[in-house]
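# Structural overview for review
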Amino acid sequence: MKFFLDTANVPEIREAAALGLCDGVTTNPSLLAREDGDPREIVREIAKICDGPISAEVVGMTAEEMVREGLEWAKVADNVVVKIPMTTEGLKAIRTLSEQGIATNTTLIFQPVQALMAAKSGASMVSPFVGRLDDIQAPGMELIETIRQIFENYDIATEILVASIRSPMHVLDAARIGADIATMPFSVLETLARHPLTDIGIERFLADWEKVKNR
Ligand code: G3P
């Protein structure tokens, strides 16, 4: 499973890339609004740091506007993937962009047939939001399971990108189900590497080594 960073924060992306754990990045208008500077410049910089797919989202509501914005985003860097919201206008835009060879990521997916429709329209990736479903007491991970099953039934190559990840358990479940990508905040990536028994184990080894090192 690929690890993507769900952030537009350049220092965080640099750190994940230095760890060798940045297979891609997902941004959205809210994440870009948290950072200073021109969003296009931020995405351009991110695309230089991480050579995987970098999602940048359109904000237009008609297919025409989405295609126009998508073509602009695609010029920012070769690895930019155009993120399009799951609407009927969005589906039209996905088809037009994919016919022009531009990769797309369909965002804000909350039910399985939305993912099937996006895939049929030519989406390279679909982004089901697990955390926001959990927030309303609907099991987010069941959505991932069902999409995985549907895509396997029909041999669909569109990648399942698990989004709105809030905890290491989401990442574990995504991997267990066989999602293609998990996109996570940097804080989740950091937490994934830790275990209290690892820390206690290191402490013990170091303490024991103190006893023997001067022999
Ligand atoms: O990639 C989409 C993601 O950023 C949404 O996360 O935590 O705002 O639901 P969240």
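Whatever comes next refers back to the structure up there.
Note that this is a predicted model, so its numbers are computed, not measured.

Scanning the chain from terminus to terminus reveals eleven helices and eight strands. In terms of its C-alpha atoms, the chain occupies a principal-axis envelope of roughly 75 × 40 × 30 Å. A buried classification covers 46% of the 215 residues belonging to the chain. Between the mean site of the 21 positive side-chain charges and the mean site of the 32 negative ones, the chain shows a separation of 3 Å.

So, about the pattern of salt bridges. Applying the stated criterion across every chain yields a total of 13 salt bridges. For Glu 45, the salt bridge identified is with Arg 14, shortest N-O distance 3.0 Å. Within this pair, whereas Glu 45 is found in helix H3 (residues 39-49), its partner Arg 14 is found in helix H1 (residues 10-18), the two being separated by 31 residues in sequence. What makes Glu 45 partly exposed here is its relative accessible area of 33%. Classification of Arg 14 by relative accessible area gives partly exposed; the value is 45%.

What follows concerns the site of the ligand. Close to the ligand lie Asp 6, Asn 28, Lys 83, Phe 129, Arg 132, Ala 163, Ser 164 and Arg 166. Residue Asp 6 places a side-chain N or O atom 2.6 Å away from an oxygen atom belonging to the ligand. At 2.6 Å from an oxygen atom of the ligand is found a side-chain nitrogen or oxygen belonging to Arg 132. In the complex, 82% of the free accessible area of the ligand, which totals 310 Å², lies under the protein chains. One can see that the ligand is located within the largest pocket.

With respect to the secondary-structure elements, Ile 13 resides in helix H1. Counting along the chain gives 173 residues from Ile 13 to Phe 186, while the straight-line C-alpha distance between them is 8.0 Å. Setting aside its immediate chain neighbours within four residues, Ile 13 contacts Thr 7, Ala 8, Cys 22, Val 25, Ile 46, Ile 49 and Cys 50.

With that settled, consider the layout of surface pockets. Within this model, the largest pocket holds a volume of roughly 380 Å³. What lines the largest pocket is a set of 23 residues, among which Asp 6, Asn 28, Leu 31, Arg 34 and Pro 185 lie closest to the centre. If you list the elements that add at least two residues to the lining of the largest pocket, you get helix H2 (29-33) and helix H10 (186-192). Across the lining of the largest pocket, the residue classes break down as eight nonpolar, eight polar and seven charged.

A separate point is the state of the cysteines. If you walk through the whole model with that rule in mind, you get zero disulfides. Of all cysteine sulfurs in the structure, the one in Cys 50 sits closest to Cys 22, which takes part in no disulfide; the separation is 3.1 Å. Take Cys 22: its relative accessible area is 12%, and that puts it in the buried class. You can call Cys 50 buried: its relative accessible area is 1%.

What follows covers unusual backbone geometry. For residues other than glycine, phi is negative in most cases, and the peptide bonds are mostly trans. With phi around 65 degrees, Leu 108 is a residue other than glycine that occupies positive phi space. Looking at the secondary structure, you find Leu 108 in strand E5 (residues 104-109).

The rules behind these values
- Residues numbered from 1 in each chain as written.
- Predicted model: local features only at pLDDT ≥ 70, side-chain atom pairs only at ≥ 80, totals over all residues.
- Heavy atoms only, no water.
- Helix = DSSP H or I, 4+ residues; strand = E, 2+ residues; numbered from the N terminus.
- Buried < 20%, exposed > 50% of the residue type's maximum accessible area, 1.4 Å probe, protein only.
- Lys, Arg positive; Asp, Glu negative; His and termini not counted.
- Charge placed at Lys NZ, Arg CZ, Asp CG, Glu CD.
- Salt bridge = Lys/Arg side-chain N within 4 Å of Asp/Glu carboxyl O.
- Near = heavy atom within 4 Å.
- Polar contact = N/O pair within 3.5 Å; in protein donor to acceptor, adjacent residues only side chain to side chain.
- Areas by Shrake-Rupley, 256 points an atom, 1.4 Å probe, with all protein chains shown as cover.
- 1 Å grid on protein atoms, 1.4 Å probe; cavity = no way out; pocket = protein on both sides within 12 Å on 5 of 7 lines; lining within 4 Å.
- Sits in = over half its atoms within 2 Å of the grid points.
- Contact = heavy atoms within 4.5 Å.
- Points joined across faces, edges and corners; volume = space filled by probe spheres on them.
- Nonpolar A, V, L, I, M, F, W, Y, C, P; charged D, E, K, R; others polar.
- Disulfide = S-S within 2.5 Å.

So, to be careful, I would describe these as geometric facts and stop short of saying anything about function.
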